[in-house]
Amino acid sequence: MRGSLRPGHGAKPAGKGARPAVQAGQGGARARDSYAVDTDPAHDPENVLVLDLSNGGRVLIRLMPQWAPHHVERIKTLTRQGFYDGIIFHRVIDGFMAQTGDPTGTGQGGSKLPDLKSEFNDAPHMRGTVSMARTNDPNSANSQFFIVFYPRFALDHKYTNFGRVISGMDAVDTIVRGEPPSNPTKIVQASILADNKPRPAPPAAAPAGPITADMLSKSRSN
């Protein structure tokens, strides 16, 4: 099972779906300049993940194989398989993070691929960080990942940080909150920028119902 953490319970993931712990740990001063990312998507588009969301937003994520090569390769493999298309953000906590990547939408699922060995690194969990979810077992990351709303340095060296949002963080900020949300935001399409997949068409508006004589009789005009 994928399971998850409960707010305030510290680093105690339970099950395959692994949720990062909700805790405030604010680390001291860090040399974060060493972990700056290239924000120009035209540079190395093979390592730019594109998420087209049901809220109409498009999110670009710079993947960092220098930090976590096997995790980046897993994300790219699943993306090119269409695995993430239609999957919801099943756990979204205001002020913390938005988690997705479970095809069951429960936090308990994953892909059919084997779990990954951890690639914990020194990259800090900043606003826009994209990191892999896991269970109590450090070597249990599979398909689920989360995007951090605000810095959470207590997650450093406990979850594999593999990328950062370089465009569309405003769309991430509007992902519907909940555990799970009643009307969850979905990944309509995930793609790798180098593949040049066209942006999906926005959902069609629901057609208006027919106008009846009764409706006209009740209308008012000035």
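This report concerns the structure included in the present document. All values derive from a computational prediction rather than experimental measurement.

Some remarks on the pattern of salt bridges
Part 1 of the argument: By the definition in use, this model includes eight salt bridges.
Part 2 of the argument: Taking the shortest distance from any N to any O, the salt bridge between glutamate 46 and arginine 80 comes out at 2.9 Å. With glutamate 46 in the segment before strand S1 (48–53) and arginine 80 in helix H1 (residues 69–80), this pair connects stretches of sequence that are 34 residues apart.
Part 3 of the argument: Under the relative-accessibility criterion, glutamate 46 is labelled partly exposed at 28%.
Part 4 of the argument: Of the charged contacts in the structure, one is a salt bridge between aspartate 195 and arginine 80, with a shortest N-O distance of 2.8 Å. Of this pair, aspartate 195 sits in the loop between strand S8 (187–192) and helix H3 (213–218) while arginine 80 sits in helix H1, and the two are 115 residues apart along the sequence.
Part 5 of the argument: Taken together, the shared-partner salt bridges connect Glu46, Lys76, Arg80 and Asp195 into one network.

Some remarks on the sheet that holds strand S4 (residues 97–100)
Part 1 of the argument: Taken in spatial order, the eight strands of this open sheet run S3-S4-S6-S5-S7-S2-S1-S8, and their pairing is antiparallel. Looking along the sheet, the strands with just one partner apiece sit at the ends: strand S3 (89–93) and S8. Put simply, the sheet's adjacent strands are angled 25° from each other on average, direction ignored.
Part 2 of the argument: In the sheet, S1 pairs with strand S2 (residues 58–63) via five bridges, with the strands oriented antiparallel. Within the sheet, the bridge partner assigned to valine 48 lies in S2 and is arginine 62.

Considerations on the packing of aromatic side chains
Part 1 of the argument: In total, this model carries five aromatic pairs according to the counting rule given.
Part 2 of the argument: With 5.9 Å between their ring centres and 65° between their planes, tyrosine 35 and tryptophan 67 make a pair best called edge-to-face. Here tyrosine 35, found in the segment before S1, pairs with tryptophan 67, found in the loop between S2 and H1; they are 32 residues apart in sequence, far enough to count as distant. For the pair tyrosine 35 and tryptophan 67, one class covers both residues: buried.
Part 3 of the argument: A centroid spacing of 6.3 Å and a plane angle of 85° characterise the contact between phenylalanine 145 and phenylalanine 162, whose relative ring orientation is edge-to-face. Highlighted residues: phenylalanine 145 in strand S6 (residues 145–148) and phenylalanine 162 in strand S7 (residues 161–167), separated in sequence by 17 residues. Here the two residues phenylalanine 145 and phenylalanine 162 agree in accessibility, since each one is buried.
Part 4 of the argument: Between arginine 134 and the ring centre of tyrosine 159, over which it is positioned, the NZ or CZ distance is 4.8 Å.
Part 5 of the argument: Above the plane of the ring of phenylalanine 149 lies arginine 177, whose end atom (NZ or CZ) is 4.2 Å from the centre.

Quick look at the nonpolar core
Part 1 of the argument: By size, the foremost hydrophobic cluster in this structure holds 32 residues, and its most contacted members are Leu51, Ile61, Tyr84, Phe145 and Phe162.
Part 2 of the argument: Beyond its immediate chain neighbours, meaning those up to four positions away, tyrosine 84 contacts Ile75, Leu78, Thr79, Gly101, Ser143, Phe145, Ile187 and Ala190.
Part 3 of the argument: If you look at the next biggest cluster of nonpolar residues, it comprises nine residues, including Tyr35, Val37, Ala123 and Ile166.

As for unusual backbone geometry
Part 1 of the argument: Cis rather than trans, the peptide bond between glutamate 179 and proline 180 has omega equal to 0°.
Part 2 of the argument: Position of proline 180 relative to the elements: it lies in the loop between helix H2 (169–173) and S8.
Part 3 of the argument: For aspartate 44, which is not a glycine, the phi torsion comes out positive at approximately 55°.
Part 4 of the argument: With a relative accessible area of 43%, aspartate 44 lands in the partly exposed category.

Side note on the side chain of aspartate 52
Part 1 of the argument: Along the polypeptide, aspartate 52 turns up in strand S1.
Part 2 of the argument: Of the polar contacts made by the side chain of aspartate 52, one reaches the side chain of arginine 58; its length is 2.7 Å.

Regarding the environment of serine 143
Part 1 of the argument: As for its placement among the helices and strands, serine 143 is situated in the loop between strand S5 (129–132) and S6.
Part 2 of the argument: Judged by relative accessible area, serine 143 falls into the buried class, the value being 1%.
Part 3 of the argument: If we ignore the near neighbours within four places in the chain, the residues touching serine 143 are Leu78, Phe83, Tyr84, Gly101, Gly109, Gly110, Ser111 and Met132.
Part 4 of the argument: Of the polar contacts made by the side chain of serine 143, one reaches the backbone oxygen of glycine 101; its length is 2.8 Å.

Rules used in this analysis
Residues numbered from 1 in each chain as written. Predicted model: local features only at pLDDT ≥ 70, side-chain atom pairs only at ≥ 80, totals over all residues. Heavy atoms only, no water. Salt bridge = Lys/Arg side-chain N within 4 Å of Asp/Glu carboxyl O. Helix = DSSP H or I, 4+ residues; strand = E, 2+ residues; numbered from the N terminus. Buried < 20%, exposed > 50% of the residue type's maximum accessible area, 1.4 Å probe, protein only. Pairing = 2+ DSSP bridges. Axes fitted to C-alpha atoms, helices over the stretch in contact; angles between N-to-C directions. Phe/Tyr/Trp six-rings, centres within 6.5 Å; stacked < 30°, edge-to-face > 60°. Lys NZ or Arg CZ within 6 Å of the ring centre and 35° of its normal. Core = buried A, V, L, I, M, F, W, Y, C linked by side-chain atoms within 4.5 Å. Contact = heavy atoms within 4.5 Å. Polar contact = N/O pair within 3.5 Å; in protein donor to acceptor, adjacent residues only side chain to side chain.

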